[in-house]
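Read off the chains here:
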Amino acid sequence: MAKEYDFIIVGSGFAGAVIAEQVSSKLNKKVLIVEKRNHIAGNAYDCQDEHGVLIHKYGPHIFHTRSEEVWNYVSQFTDWNIYHHRVLAKIDGIEVPIPFNLNSIYAVFPPEFAGRLAQKLIERFGFGSRVPILKLRESNEPDIAFLAQYVYDRVFLNYTVKQWGVKPEELSPSVTGRVPVVINRDDRYFQDRFQGIPKQGYTKLFERMLDQSNISIMLNTDYRDVINVDLASGDVEVFDRPFNGKLVYTGPVDYFFDYKFGALEYRSLSFKFEHYDTFQYQTTGTVNYPNDYGFTRITEFKHLTLQTISSTTIVKEYPTAYKPGINIPYYPVKNDINAAIYRRYFEESKKYNRIIFVGRLAEYQYYDMDAVVSKALRVFRERLA
Ligand code: FAD
Ligand code: UDP
């Protein structure tokens, strides 16, 4: 059976699916995808719940990108709901727009003080700039320093401690930098040119990508059940027979190498779905709860999917430690210690020229979906085509 395939791909998320699609459609080669879950689409998977509401099983996923190449590529497999995600954070009993922006300043401070703050931010950083909270906190100007401390305390500190188990400054600044303070009145969570939700859902998008006679998919299978990699020689066996094609791996890189340089740290989530017999539960797609409760945020799917149905389903996200074999490694924990461990795995991975590591887990990068698509297209062009 191994001889039938030119490529074996571990994982059917965006990383694995894009490469499978490209190998099949551009090279006309045979691909086997080995996927441990009972479905394709990785963490982007969506499905109808028992009430007929379309939900994202692994948390809310909004597609957004600046890249026309990525947008055009993905658009071959789906139409879009043009949806611009809006997030409110509940702080001190009121709901304020996140990213924290000039509208948020006017929502929480008296107009005269808000106007002065806005003026100072524009003078200091320029209208339209995006300032990470840790950068804003470096300011010595008294009003800006006050604002920075206010936003840090109310929006970032407790949310980050819940989400990651550590304070913002103990993580790479790029983590809280994903949601900067924005010096304009744009309330949208993402400012990318292209944004949307696949009209018939993500799973349908993946089905269309992978519906090719060259592509076979094996679900419910950990790759180690069918693939044996000799880490010393780099030899690969599939179904107990030598495999001379290319292996694309999109699972956790430390697992692949038997944790030889130590376990990388991940954060997991536990999702609590709740159904309500009401048309709408909250006024925006997501409401963040930085300071209250054990969950970080509540998302109501109907805002994203535009589904017209009389009842509604929400999800609450409870961050937890990652425990191998028990829950799912959703987030790489970006700090200096993990960066040093990952660097060793990365160097090791370069020894295997027939094995390619790509995706959020295999590259230990806090990638959004568009970054994974972009990287997979590049890997295909540069290393597989
Ligand atoms: P994955 O989607 O994780 O796919 C990897 C696949 O490999 C999985 O299906 C897994 O089961 C399989 N696998 C792993 N190990 C093995 C094994 N041993 N054997 C066989 N198969 C294996 N991005 C956005 O752009 N917008 C968003 O709004 C957004 N929201 C998110 C919300 C949450 C809660 C999370 C956790 C992530 C979010 N993301 C979002 C990020 C997005 O999920 C990832 O960028 C994307 O799914 C990564 O694709 P991937 O193929 O690298 O990994
Ligand atoms: N963050 C925060 N408060 C918020 C929103 C975000 O502290 O209201 C911080 C937090 O550390 C979070 C990070 O910014 O993990 C990135 O947020 P994002 O919404 O991008 O996270 P994701 O959607 O990937 O879970």
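Not measured: the values here are computed from a predicted model. (Residues numbered from 1 in each chain as written. Chains lettered and ligands numbered in written order. Predicted model: local features only at pLDDT ≥ 70, side-chain atom pairs only at ≥ 80, totals over all residues. Heavy atoms only, no water.)

### Observations regarding the site of ligand 2
For clarity, the cut-off: We call a residue near a molecule or strand when any one of its heavy atoms sits within 4 Å of it. Any N or O atom pair separated by 3.5 Å or less is treated as a polar contact, with the protein-specific requirement of one donor-capable and one acceptor-capable atom, and with residues adjacent in sequence counted only for side-chain atom pairs. What counts as a helix is a DSSP run of H or I of at least four residues, what counts as a strand is a run of E of at least two, and both are numbered from the N terminus. Any residue that is not Ala, Val, Leu, Ile, Met, Phe, Trp, Tyr, Cys, Pro, Asp, Glu, Lys or Arg is counted as polar, Gly included; the first ten are nonpolar and the last four charged.
With respect to spatial proximity, 15 residues lie near ligand 2, and among them Trp164, Arg178, Tyr189, Tyr331 and Tyr366 are the closest. Contacts to ligand 2 include tyrosine 331, whose side-chain N or O atom sits 2.5 Å from an oxygen atom. Contact distances for ligand 2 include 2.6 Å between an oxygen atom and a side-chain N or O atom of tyrosine 366. Elements supplying a minimum of two residues to the shell around ligand 2: α6 (142–164) and α7 (173–176). In terms of residue count, α6 provides more of the shell around ligand 2 than any other element does, 6 residues in total. Residues that form the shell around ligand 2 fall into these classes: 9 nonpolar, 4 polar and 2 charged.

### Focus on the site of ligand 1
Near ligand 1 you find 32 residues, and of these Glu35, His61, Ile62, Tyr367 and Met369 are the closest. At a separation of 3.3 Å, a nitrogen atom of ligand 1 approaches a polar side-chain atom of aspartate 222. Note that an oxygen atom of ligand 1 is positioned 2.8 Å from one of the backbone N or O atoms of methionine 369. The set of elements that each furnish at least two residues to the shell around ligand 1 consists of α1 (14–27) and α12 (369–384). When its residues are assigned to classes, the shell around ligand 1 shows 16 nonpolar, 9 polar and 7 charged.

### Focus on unusual backbone geometry
The phi torsion of most residues other than glycine is negative, and most of the peptide bonds are trans. The criterion, for reference: Throughout, exposure labels follow a simple rule: accessible area from a 1.4 Å probe, protein chains only, divided by the maximum for the residue type, with under 20% read as buried, over 50% as exposed, and the rest as partly exposed.
Residue proline 99 is bonded to the preceding isoleucine 98 through a cis peptide linkage, with omega at 0°. Backbone geometry places aspartate 92, a non-glycine residue, at a positive phi of 50°. For aspartate 92, the location among the structural elements is in the loop between β7 (87–91) and β8 (94–98). Looking at aspartate 92, the relative accessible area reads 55%, which means it is exposed. A positive phi angle, close to 55°, is found at tyrosine 259, a residue other than glycine. The topology assignment puts tyrosine 259 in the loop between α9 (253–256) and β17 (266–276).

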